[in-house]
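# Structural description and commentary
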Amino acid sequence: MEISNLILHIEALLFASDRPLTAIDLTELINNAFGFMEEKVTTDQIQTAIDGIVEKYSTEFYPFGLRESGGGWQFLTKKEFHKTVAQLNGEKFLKRLSTAALETLSIIAYKQPITKSEIEAIRGVSCDYSIQKLLEKELVIITGRNEELPGKPLVYATSKNFMDYFGINSADELPRLKEVYAEPVVEPTIVHPVESEEQVNEVQITMPSEASIFSVSESGELIEGKKDEPDSSTAEGKDPTN
């Protein structure tokens, strides 16, 4: 199958799918649809077609683009249209998470799989309400029970919706904490560095004399000049013509 024709079929599948599709998913679906073909479509051909679709929709003429998110490829609206599209998804998507919910979600994301008691041990407060809200928003899921702890408590982890929302494919793509805190420190620029204390003692501040005047040049520089000194004969009260 020609790449140009393959692109059209991939676009149709991605538009119709309600979940992200991987390159393997697309290869299987297209080969099933065209089972009569002697030469099967390969994953490399699918990836080449995907690269072409990504480049096609990356231009400013389209309000959406193809991105690998949530474990596969899907069409997503571009970020500048978020507020417009968010109105279609209901109020629960427009409301922001509380600070407590964000803290709980962060702990689950970085420590998953994790139990509620372990989350509370880190935060120091009860997390029942926060976990319930995160479950309602489908940002976290229950993956099972911890068989080794007393009572076999439930274990929580982030969901595919969480990865889709943050544009990642797995928890391994989350930024490392050392990267978050390792912000470059801006050092002040020293205009006239002083090498030793002796140089500091040698610095002398010269004050302008009373006979000095200052003016500004056309280039904005400060120019120091001298006042015109009066003639000695005038200063002594004598007639300068004598």
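Right, let's walk through the structure included here. (Residues numbered from 1 in each chain as written. Predicted model: local features only at pLDDT ≥ 70, side-chain atom pairs only at ≥ 80, totals over all residues. Heavy atoms only, no water.)

## A few points about the overall build of the chain
For the chain, the helix and strand inventory stands at 12 helices and 7 strands. Looking at the chain residue by residue over its 242 residues, the buried ones come to 23%. On the chain, roughly 18300 Å² of surface is accessible, and the fraction owed to carbon and sulfur atoms is 54%. (Helix = DSSP H or I, 4+ residues; strand = E, 2+ residues; numbered from the N terminus. Buried < 20%, exposed > 50% of the residue type's maximum accessible area, 1.4 Å probe, protein only. Areas by Shrake-Rupley, 256 points an atom, 1.4 Å probe, with all protein chains shown as cover.)

## As for helix α6 (residues 99–111)
For α6, spanning 13 residues, the distance from its first C-alpha to its last is 18 Å, which sits close to the expected 18 Å at 1.5 Å a residue. Those residues of α6 not exposed but buried are Ala-101, Thr-104, Leu-105, Ile-107, Ile-108 and Ala-109. Those residues of α6 hidden inside the fold are in contact with β3 (114–115), α7 (116–123), α8 (128–136), β4 (140–145), β5 (154–158) and α9 (160–166). (Expected span 1.5 Å × (residues − 1). Contact = heavy atoms within 4.5 Å.)

## Focus: the packing of helix α1 (residues 3–16) against helix α2 (residues 23–33)
Contact geometry of α1 with α2 gives a least axis separation of 11 Å together with a crossing angle of 110 degrees. As far as their axial angle goes, α2 and α1 are roughly perpendicular. Along its contact with α1, which presents Leu-6, His-9, Ile-10, Leu-13 and Leu-14, the element α2 presents Leu-26, Leu-29 and Ile-30. The residue makeup of the contact of α1 with α2, split by class, is 7 nonpolar, 1 polar and no charged. (Axes fitted to C-alpha atoms, helices over the stretch in contact; angles between N-to-C directions. Parallel < 35°, antiparallel > 145°, perpendicular 65-115°, else oblique. Nonpolar A, V, L, I, M, F, W, Y, C, P; charged D, E, K, R; others polar.)

## Some remarks on unusual backbone geometry
Note the cis peptide between Gln-112 and Pro-113, where omega equals -5 degrees. Tracing the backbone through its elements, the reader meets Pro-113 in the loop between α6 and β3. Although it is not a glycine, Glu-138 adopts a positive phi angle of roughly 60 degrees. Structurally, Glu-138 is set in the loop between α8 and β4.

## Quick word on the nonpolar core
Membership of the largest hydrophobic core comes to 19 residues, with the highest contact counts inside it found for Ile-10, Leu-14 and Ile-46. If you list the elements that add at least two residues to this core, you get α1, α2, α3 (43–57) and β2 (72–77). Sorting elements by how many residues they give to this core places α3 first, with 5 residues. Sequence-distant contacts of Leu-14, defined by excluding residues within four places in its chain, comprise Leu-21, Leu-26, Leu-66, Trp-73 and Phe-75. The next biggest cluster of nonpolar side chains, apart from the first, holds 17 residues, and it includes Leu-139, Tyr-156, Ile-168 and Leu-174. (Core = buried A, V, L, I, M, F, W, Y, C linked by side-chain atoms within 4.5 Å.)

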